[in-house]
Amino acid sequence: GCKAIGENVPAYSYRPEKEVPVPARMASLLPSVRIIWILRNPVDRAYSHYWFNVFLGNEQRSFESALAHHQEYGVESQHDYRGRGVYVEQIKLYLRYFPGEQMHIMLLDDLKSDPQGALNRVFSFLGIRPLPVLQHGQARKNETYRPRSVWLQYLLRKVIFHRNEKLFYRLGRAVSHRKAGYPPMNQTLREELAQFYMPHNASLAELTRLDLSHWD
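Conventions used here
- Residues numbered from 1 in each chain as written.
- Predicted model: local features only at pLDDT ≥ 70, side-chain atom pairs only at ≥ 80, totals over all residues.
- Heavy atoms only, no water.
- Core = buried A, V, L, I, M, F, W, Y, C linked by side-chain atoms within 4.5 Å.
- Buried < 20%, exposed > 50% of the residue type's maximum accessible area, 1.4 Å probe, protein only.
- Helix = DSSP H or I, 4+ residues; strand = E, 2+ residues; numbered from the N terminus.
- Contact = heavy atoms within 4.5 Å.
- Salt bridge = Lys/Arg side-chain N within 4 Å of Asp/Glu carboxyl O.
- pLDDT = per-residue confidence, 0-100.
- Phe/Tyr/Trp six-rings, centres within 6.5 Å; stacked < 30°, edge-to-face > 60°.
- Pairing = 2+ DSSP bridges.

## What about the nonpolar core?
Generally speaking, nonpolar side chains in soluble globular proteins are found buried as a group.
At step 1: Core analysis: the biggest nonpolar cluster contains 31 residues, and Leu 39, Phe 63, Tyr 94, Leu 193 and Leu 204 have the highest contact counts within it.
At step 2: Elements with a minimum of two residues in this core: α2 (22–29), β1 (35–39), α3 (42–56), α4 (63–68), α5 (87–95), β2 (103–107) and α10 (187–208).
At step 3: For Phe 63, the contacting residues outside a window of four places in its chain are Ala 46, Tyr 47, Tyr 50, Tyr 81, Met 185, Leu 189 and Leu 193.

## Considering the pattern of salt bridges
Pairing is possible between side chains of opposite charge, provided their charged atoms come close.
At step 1: With the rule as written, the count across this model stands at three salt bridges.
At step 2: Glu 59 is the salt-bridge partner of Arg 61, the closest N and O atoms lying 2.9 Å from each other.
At step 3: Linking Glu 192 and Arg 82 is a salt bridge whose minimum nitrogen-to-oxygen distance equals 3.1 Å. With Glu 192 in helix α10 and Arg 82 in the loop between α4 and α5, this pair connects stretches of sequence that are 110 residues apart.
At step 4: Overall, Glu 192 belongs to the partly exposed group, its relative accessible area being 35%.

## Some remarks on the confidence of the model for the chain
For residues with low pLDDT, the predicted coordinates do not support detailed interpretation.
At step 1: In the predicted model, the chain carries a mean pLDDT of 83, and 72% of its residues have values of at least 70.
At step 2: Put simply, strand β4 (residues 177–180) is where the chain has its lowest mean pLDDT, 60, and β2 is where it has its highest, 98.

## Digging into the environment of Leu 126
At step 1: By the element assignment, Leu 126 lies in helix α7 (residues 115–126).
At step 2: Sequence-distant contacts of Leu 126, that is, excluding residues within four places in its chain, are made with Arg 34 and Ile 36.

## Regarding the packing of aromatic side chains
At step 1: Here the structure, examined in full by the defined rule, presents twelve aromatic pairs.
At step 2: Arranged with centres 5.0 Å apart and planes meeting at 65°, the rings of Tyr 47 and Phe 63 form a pair that is edge-to-face. Within this pair, whereas Tyr 47 is found in helix α3, its partner Phe 63 is found in helix α4, the two being separated by 16 residues in sequence. Residue Tyr 47 shares its accessibility class with Phe 63, and that shared class is buried.

## Quick word on the pairing of β2
At step 1: The buried count for β2 comes to four of five residues, which makes it a mostly enclosed element.
At step 2: Relative to β2, β1 runs parallel, the two being bridged by five bridges. Across the sheet, Trp 37 pairs through a bridge with Ile 105, a residue of β2.

This is how it looks when you write it as structure tokens:
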């Protein structure tokens, strides 16, 4: 039979509408394509996105300062931590070009709590035979390393290793990183972000029929 082939490009979902939007180009080239969305609590996504940029040496501000200046960036910017979590507008854009039957929308929470069940639904959506999930001991982890200093990491990336990205990733971690993970988010900021996303999440729940009550 035929193989199911795909690619993983989250940036396709939040590219702004220009002359020809990304989903329009996709629809013209692959009208029968099947699209899978994996949605994470947008508050957690924003904080993780910030620390990933710190890890890359692309961010020198505090998370609070970055959020305060979010209007300076468009959703296409790698620094728009807030805007990229407004999933409902991204999905609505794709629904202009693809029927809902060609989209499978799932939650990262479900993938974590019941990986086999979540993936079985994906296999069914794609029309392929189910495959066993890797045991937890074999699963790969995507950990972001926390630098000793946000400014030091930025300095290493933009000044010292700005001409050699590979060297930055090899030596920068040894010089500046101390451990995997990042500190807990400030509770006031978490509550502010939760309030911001609340109406967007309500619209998303209505559109997708997903239970997002645990995101509040």
